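# Observations on the three-dimensional arrangement
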Amino acid sequence: MSLRNSPVNGRRKSLNTNTNHNSGANGTASQEFKITAPLGDSVEWQRTIEKVIKSVVSVRFAQIASFDCEPALVSEATGFVVDAERGLIMTNRHVVGAGPFTGYAVFDNHEECDVYPIYRDPVHDFGLLRFNPEDIKYMDVVSLKLRPDLAKVGVEIRVIGNDAGEKLSILSGFISRLDRNAPDYGFLSYNDFNTEYIQAAASASGGSSGSPVVNIDGYAVAIQAGGSSESSTDYFLPLYRGLRALQCVQNDEPITRGTIQVQWLLKPFDECRRLGLTSTTESTVRRAFPDCIGMLVAETVLPEGPSDGLIEEGDCLVSLDGELLTKFVRLDEILDSSVDKIVKAVIQRGGVDSEIDITVGNLHKITPDRYVEVAGATFHNLSYQVARQYAIPVRGVFISDPAGSFRLDRDRGWILESIDNEPTPNLDTFIEVMRKVRDRQWVVTICRNVQDMHTMSTGIAHIDRHWTGAFRMAIRNDKTGIWDFHSLGDPLPPLALKPQSAKFTEINNTSIAKAANLIRSFVKVTCLVPIKIDGFPRSAKAGHGLVVDAEKGLVVVARSIVPYDLCDIVITVADSIMVPGQVVFLHPTQGWAVVSYDPSLVEAPVETALLSTEMIQRNSSTIFMGLNQNMRPLVARTTVTDISTMTVPANPTTPRYRAINIDGVTVDTALGSQCGSGVLVNTEGVVGALWLTYLGERNSSSRDVEYHAGICTSSIISTLDKLRRDETPKLRILDVELNILQMNQARIRGVSEKWIRNVEQANDERHQLFAVRKLVCGDTPQILEEGDVILSVNGKTLTRVSELDVMYDHEILDMIVVRRRKEIQLKVPTVSTENLETDRIIIWCGAILHEPHHAVKQQIKKLHSGVYVSARMRGSPAYQYYIAPTYFITHVNGQATPDLTTFLQVVSNIPDNTYLRLRIVTFDNVPFASSIKSNLHYFPTMELVKDHTRPGEWKRYTYTGGVRRENLQGLIGETTGEDGSDYD
């Protein structure tokens with residue numbers, strides 16, 4: 001983990017396995033538990049290592065929800081047994097995490113057992129995991145004794161851990177410092193503070209977090225925590241407070257932790273003198289502590305904390321409760337034993353001593369141990385960790401996962417000030433406010449980001465309580481090690497909508513008055529996606545659509561905006577009225593869709609756009625009217641430069657919908673690249689082409705490429721007419737991808753002179769034919785072959801791809817093709833598009849599964865299974881065991897799973913928290929075996945089924961013990977794509 005450049009910069013030592021990799025059967029880095037001790041180790045060191053190795057474990061874990069400073073992730077680290085009888089493992093706090101945790105430990109002999117967190121320190125980088133000692137049957141587990149007092153400068157040490165996730169390695173070094181300040185891992189990241197760190201050069205890398213640092217006698221003198229990102233320096237946490245916490249657990253005592261909400265730094269005497277330390281005080285301290293090099297100086301004093309107004313930044317701490325202090329260890333001891341009591345502190349400011357009384361607070365009370373899930377986001381009280389980094393009061397509601405209805409410009413660091421004009425000073429108040437917010441309600445939100453507290457961010461949120469219906473609180477349970485969920489109530493139903501009025505803006509250009517009136521036919525279409533399927537990368541997308549029937553509220557819009565009907569549609573009329581919409585039609589190949597709204601809710605002069613039934617001509621004059629990224633209309637006279645066959649490039653990493661086999665229109669104006677939505681219109685106001693955005697491939701910079709082009713209205717008007725008549729278009733398509741073939745290529749491939757003459761007569765502008773580039777994989781027997789040159793369809797020479805539109809209404813096409821230089825006649829069946837869209841989704845172990853969608857069939861030669869991994873949730877078992885998008889699950893526990901129904905039958909009867917064997921085939925046809933452990937507590941099995949009798953409605957079910965139940969709580973979790981990132 002590379003972090004900020006700073007003298008105290010650090011890097012964590014946990015191995016982040018979110019990046020994709022292929023290796024062992026369980027989908028994680030293979031790990032050999034063998035000793036790789038430094039060459040030349042003495043016999044004493046060899047004996048020590050052989051003993052210690054039995055205490056060290058590899059910890060493979062998932063932090064299943066974004067919480068506090070830490071995002072949901074899966075990773076690997078190290079731990080070591082500190083109480084074999086009770087089953088206690090010590091590791092880092094940044095491994096245990098502040099939020100929900102699941103994981104297991106792998107011992108030296110490759111036995112494994114589940115581990116559960118029972119303590120994570122609020123500040124210092126250590127935590128305790130519990131395991132059942134009876135689960136380890138084939139080796140004697142040995143406890144490692146903690147001796148922080150044996151850490152001395154010059155002591156030779158060994159770091160024994162899961163270095164780089166590859167093997168249990170032994171790294172050597174010498175302790176060089178005992179008094180460095182805690183390393184800084186950057187803002188909005190967990191950071192230790194108010195403690196000395198031990199420094200050595202051991203060159204440990206990712207995965208070694210939590211490794212014991214042992215001396216030659218086999219005692220753990222420290223714990224590996226981090227290292228410099230600029231050198232081979234490693235940072236070890238002294239175990240004084242870890243030993244005290246362990247003893248409290250062993251004695252069944254509470255682990256009290258006190259704070260006065262001040263961050264101290266150990267600064268050398270020369271710097272303290274510059275801050276006002278008197279020579280008298282320095283002399284007193286040096287006599288009391290001859291080995292001391294400095295004193296504790298206040299670095300950050302939190303507003304509204306116990307020390308606010310009493311201590312200032314730069315104050316030197318002289319004593320506490322009458323005891324001279326120069327070490328963090330003793331400071332912790334006094335504060336931890338004085339919770340809710342008053343301590344007397346002597347500070348020196350500008351050479352003047354001041355004695356102050358400070359009430360010690362409870363550190364656990366300002367460390368969140370609960371969070372709320374609602375509307376797709378998670379919230380908890382602001383933590384001391386975050387507040388300390390930005391010197392702000394420890395209060396407010398922190399949005400730990402700004403997703404769903406609360407998706408914000410920055411990913412992290414938001415504090416919610418108010419919602420629906422009601423303040424939210426703490427989590428309990430937030431809950432009460434949210435109880436009154438209705439489903440689908442628009443509310444005003446006011447937030448501040450901790451990185452810019454000067455700026456107030458006001459936004460509008462569309463509250464989703466139907467897709468992500470869960471409104472629940474998770475509370476940490478340190479006895480069980482899991483977080484218990486409690487429902488906070490069902491959502492209030494939406495309010496009945498009332499008609500609203502608005503007036504359109506006007507384009508003042510008298511020379512194109514009729515075309516300018518089209519502004520009344522444009523509406524903004526916003527698509528909100530609750531779950532990513534079919535490879536679509538975004539959670540929200542907005543653009544403009546064209547009203548093609550104002551009486552019925554029909555709007556044509558690009559499929560790059562509305563990819564499927566598992567979504568919420570919001571139609572904005574005249575930049576004023578917002579009404580809900582629903583998906584009516586999705587064109588399978590041309591890249592457009594039709595959505596509708598209730599016209600009775602709109603009291604505005606919305607006009608139906610007039611569409612031309614004739615194909616627009618190349619080199620003809622036209623008026624480009626588009627809407628740019630700022631949603632503002634732009635108008636310019638221009639010329640149609642070309643009409644050519646266009647196929648959007650496939651996304652090689654994750655198949656997703658793309659337009660193919662269309663006649664794309666281009667124009668001679670730069671506005672075409674600036675505007676994602678628009679029309680080409682003549683002076684009479686008749687639209688000759690729609691201007692659409694087409695989603696393309698993902699480039700090397702991990703950005704999605706978008707293409708802008710027009711499509712003639714003559715190609716879409718027949719389908720629109722059916723929708724206007726309340727008919728459901730039942731299109732049939734020739735499910736192939738074509739490419740252009742010029743006449744010189746056609747001759748070489750065997751096209752006769754007769755057919756070349758036919759082409760020349762049929763199309764004066766373009767002399768071309770089409771060849772079959774790719775066949776779509778499916779159940780229908782293929783009559784065409786890749787490489788076939790198509791000469792005619794139903795008796796007409798095919799020179800324009802739009803001439804294939806006859807396929808929409810024909811089950812069989814009479815075709816003449818050239819195949820291997822021979823001219824043959826074929827009767828080619830078309831494919832129905834009625835079942836082309838995804839209408840059933842399974843959420844299992846955090847993996848989003850559905851049948852391979854049409855884009856997959858376009859890009860693959862063979863479907864290995866009807867169970868396709870489309871996405872996965874952060875921190876889920878699917879992430880931890882690397883069940884990646886684009887995989888096919890063919891078998892579960894040896895049983896074939898050819899379809900979703902069979903898959904559900906198999907997995908629904910398997911007990912929770914057990915391993916399942918999976919046989920998987922990658923998109924590149926590589927089979928492999930894997931395993932995955934289910935976790936139904938955090939990631940229940942769910943099913944979404946489209947209700948074809950009610951447009952836009954999906955039924956939701958959960959599976960428990962093989963029993964299917966209707967689920968009204970909706971979806972849980974945020975999904976990601978093939979690279980582990982959220983694409984927004």
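## Some details on the overall build of the protein chain
The secondary structure content of the protein chain amounts to 16 helices and 65 strands. The C-alpha atoms of the protein chain give 33 Å as radius of gyration, which agrees with the globular expectation for 984 residues (30 Å, within 12%). Judged by the C-alpha coordinates and their principal axes, the protein chain covers about 105 × 60 × 50 Å. Burial analysis of the protein chain (984 residues in total) assigns 59% to the buried set. Taking the contacts inside the protein chain whose residues are at least 6 apart along the sequence as the reference set, 67% of them involve residues at least 24 apart. With 101 positive and 119 negative side-chain charges, the protein chain shows a spacing of 3 Å between the two charge centroids.

## What about the pairing of strand 30 (residues 472-477)?
Here strand 23 (residues 370-374) runs beside strand 30; their pairing, made up of 4 bridges, is antiparallel. Looking across to strand 30, one finds that valine 372 is bridged to methionine 473. The sheet contact formed by strand 30 and strand 31 (residues 482-487) spans 6 bridges and is antiparallel. From the neighbouring strand, asparagine 477 faces strand 31, where its bridge partner is isoleucine 482. Linking strand 30 to strand 31, which pair antiparallel, is a turn of 4 residues; within it glycine 481 sits at a positive phi near 85°.

## Structural notes on the packing of helix 3 (residues 240-250) against helix 6 (residues 328-336)
For the pair helix 3 and helix 6, the least separation of the axes is 10 Å and the interaxial angle reads 30°. Side by side, helix 3 and helix 6 meet where Tyr240, Arg241 and Arg244 of the first sit next to Val329, Asp332, Glu333 and Asp336 of the second. Looking at the contact of helix 3 with helix 6 residue by residue, the class counts come to 2 nonpolar, no polar and 5 charged.

## A closer look at the sheet that holds strand 33 (residues 522-528)
The sheet built from 6 strands closes into a barrel, its strands ordered 33-34-35-38-37-36 with antiparallel pairing. Ignoring strand direction, the axes of neighbouring strands in this sheet form an average angle of 40°. The pairing of strand 33 with strand 36 (residues 568-573) spans 6 bridges and is classified as antiparallel. Residue pairing in the sheet places cysteine 527 in a bridge with isoleucine 569 of strand 36.

## Examining the packing of aromatic side chains
This structure, assessed with the given rule, holds 20 aromatic pairs. Aromatic pair tyrosine 881 and tyrosine 915: ring centres 6.0 Å apart, planes at 90°, arrangement edge-to-face. With tyrosine 881 in the loop between helix 15 (877-880) and strand 58 (888-892) and tyrosine 915 in strand 60 (residues 915-921), this residue pair connects regions lying 34 residues apart in the sequence. With relative accessibility at 31%, the residue tyrosine 915 sits in the partly exposed group. Ring-pair connections join several aromatic residues into one group, and the members of that group are Phe67, Tyr371 and Trp483. Between arginine 388 and the ring centre of phenylalanine 193, over which it is positioned, the NZ or CZ distance is 4.3 Å. Over the aromatic face of phenylalanine 485 sits the side chain of arginine 472, whose NZ or CZ is 3.6 Å from the ring centroid.

## Description of the pattern of salt bridges
Overall, the coordinates contain 58 salt bridges when judged by the stated rule. Across the pair aspartate 270 and arginine 274 runs a salt bridge, and its minimum N-O distance is 3.9 Å. Taken as a pair, aspartate 270 and arginine 274 lie in helix 4 (residues 269-274) at a separation of 4 residues, close to a single helical turn. Take arginine 274: its relative accessible area is 63%, and that puts it in the exposed class.

## Here's the deal with the nonpolar core
Among the nonpolar cores identified, the biggest contains 112 residues, and Val525, Val562, Val573 and Leu784 are the most heavily contacted of them. The next biggest cluster of nonpolar side chains, apart from the first, holds 31 residues, and it includes Phe126, Leu168, Val214 and Leu239.

## Some points on unusual backbone geometry
The phi dihedral of alanine 391 falls on the positive side, at around 55°, and the residue is not glycine. Tracing the backbone through its elements, the reader meets alanine 391 in the loop between helix 7 (384-390) and strand 25 (397-401). Its identity as a non-glycine residue notwithstanding, arginine 440 has a phi of 65°, on the positive side. On the secondary structure map, arginine 440 appears in the loop between helix 8 (427-435) and strand 28 (442-449).

## Section: helix 3
Every buried residue of helix 3 is accounted for by Arg241, Gly242, Arg244, Ala245, Leu246 and Cys248. Where helix 3 is buried, its residues touch strand 4 (73-83), strand 5 (88-91), strand 7 (112-120), strand 8 (127-130) and helix 6. Residue aspartate 252 follows helix 3 closely and has a positive phi angle near 55°.

## A look at the environment of isoleucine 160
One can find isoleucine 160 in strand 9 (residues 156-163). Sequence-wise, isoleucine 160 and serine 172 are 12 residues apart; in three dimensions their C-alpha atoms are separated by 8.8 Å. Not counting the four nearest positions on each side in its chain, isoleucine 160 is found in contact with Ile49, Val52, Ile53, Val56, Thr78, Ser169, Ile170, Ser211, Pro212 and Val214.

## Some thoughts on the confidence of the model for the protein chain
With 93% of its residues at a pLDDT of at least 70, the protein chain reaches an overall mean of 90. Here residues 1-11 is modelled with pLDDT under 50, and outside its nearest four sequence neighbours on either side it reaches 40 contacts, counting other chains as well. pLDDT under 50 marks residues 977-984. Its contacts with residues more than four places away, or in other chains, come to 34 contacts.

## Comments concerning the environment of lysine 479
Structurally, lysine 479 can be placed in the loop between strand 30 and strand 31. Between the alpha carbons of lysine 479 and proline 117 there is a distance of 8.7 Å; along the sequence they are 362 residues apart.

## Topic: the environment of tyrosine 119
Within the element layout of this structure, tyrosine 119 appears in strand 7. Residue classification places tyrosine 119 among the buried residues on the basis of a relative accessible area of 6%. As a C-alpha pair, tyrosine 119 and arginine 407 span 288 residues in sequence and 32 Å in three-dimensional space. Excluding residues within four positions of it along the chain, tyrosine 119 makes contact with Val96, Phe126, Gly127, Leu128, Ala245, Ile255, Arg257 and His364.

## Quick notes on the side chain of glutamine 590
Within the secondary structure, glutamine 590 sits in the loop between strand 37 (577-586) and strand 38 (592-597). Looking at glutamine 590, its side chain comes within polar contact range of the side chain of tyrosine 808, at 3.0 Å. The residues touching glutamine 590, leaving out its near neighbours within four places in the chain, are Tyr657, Ala659, Ile662, Tyr694, Ile711, Ser715, Ile716, Asp805 and Tyr808.

## Brief notes about the pairing of strand 34 (residues 540-549)
Side-chain positions along a regular strand alternate between the two faces of the sheet. Within strand 34, 8 of the 10 residues are buried, which leaves it mostly tucked inside the rest of the structure. Inspection of the sheet shows strand 33 paired to strand 34 by 7 bridges, in the antiparallel sense. Note that in strand 34 the partner of lysine 524 across the bridge is histidine 544. Of the strand pairs in this sheet, strand 34 and strand 35 (residues 554-558) are connected by 3 bridges, and their pairing is antiparallel. Within strand 35, the residue paired with leucine 546 across the bridge is valine 556.

## Describing the state of the cysteines
Under the counting rule described, the total for this entry stands at 0 disulfides. With no disulfide of its own, cysteine 272 lies 4.3 Å from the sulfur of cysteine 316, the closest cysteine sulfur. Free cysteine: cysteine 675, not disulfide-bonded; nearest cysteine sulfur from cysteine 712 at 19 Å. Given the relative accessible area of 0%, cysteine 675 is considered buried.

## A look at helix 1 (residues 43-52)
All buried positions along helix 1 are accounted for by Trp45, Thr48, Ile49 and Val52. Down the axis of helix 1, the buried set is contained in an arc of 100°. They therefore lie on one face. Counted as exposed and oriented over 90 degrees from the buried face of helix 1: Val43, Arg47 and Lys51.

## Some remarks on a nonpolar patch on the surface
Side chains of Trp442, Ile460 and Met578 sit close together on the surface and give an oily, nonpolar patch of about 280 Å² of accessible area. Structurally, tryptophan 442 is set in strand 28.

Conventions adopted
Residues numbered from 1 in each chain as written. Predicted model: local features only at pLDDT ≥ 70, side-chain atom pairs only at ≥ 80, totals over all residues. Heavy atoms only, no water. Helix = DSSP H or I, 4+ residues; strand = E, 2+ residues; numbered from the N terminus. Rg over C-alpha atoms; globule rule 2.2 N^0.38 Å. Buried < 20%, exposed > 50% of the residue type's maximum accessible area, 1.4 Å probe, protein only. Contact = heavy atoms within 4.5 Å. Lys, Arg positive; Asp, Glu negative; His and termini not counted. Charge placed at Lys NZ, Arg CZ, Asp CG, Glu CD. Pairing = 2+ DSSP bridges. Axes fitted to C-alpha atoms, helices over the stretch in contact; angles between N-to-C directions. Nonpolar A, V, L, I, M, F, W, Y, C, P; charged D, E, K, R; others polar. Phe/Tyr/Trp six-rings, centres within 6.5 Å; stacked < 30°, edge-to-face > 60°. Lys NZ or Arg CZ within 6 Å of the ring centre and 35° of its normal. Salt bridge = Lys/Arg side-chain N within 4 Å of Asp/Glu carboxyl O. Core = buried A, V, L, I, M, F, W, Y, C linked by side-chain atoms within 4.5 Å. pLDDT = per-residue confidence, 0-100. Polar contact = N/O pair within 3.5 Å; in protein donor to acceptor, adjacent residues only side chain to side chain. Disulfide = S-S within 2.5 Å. Arc of directions from axis to C-beta. Patch = residues over 30% accessible without salt bridge, like charges linked within 9 Å, V, L, I, M, F, W, Y side chains within 5 Å. Areas by Shrake-Rupley, 256 points an atom, 1.4 Å probe, with all protein chains shown as cover.

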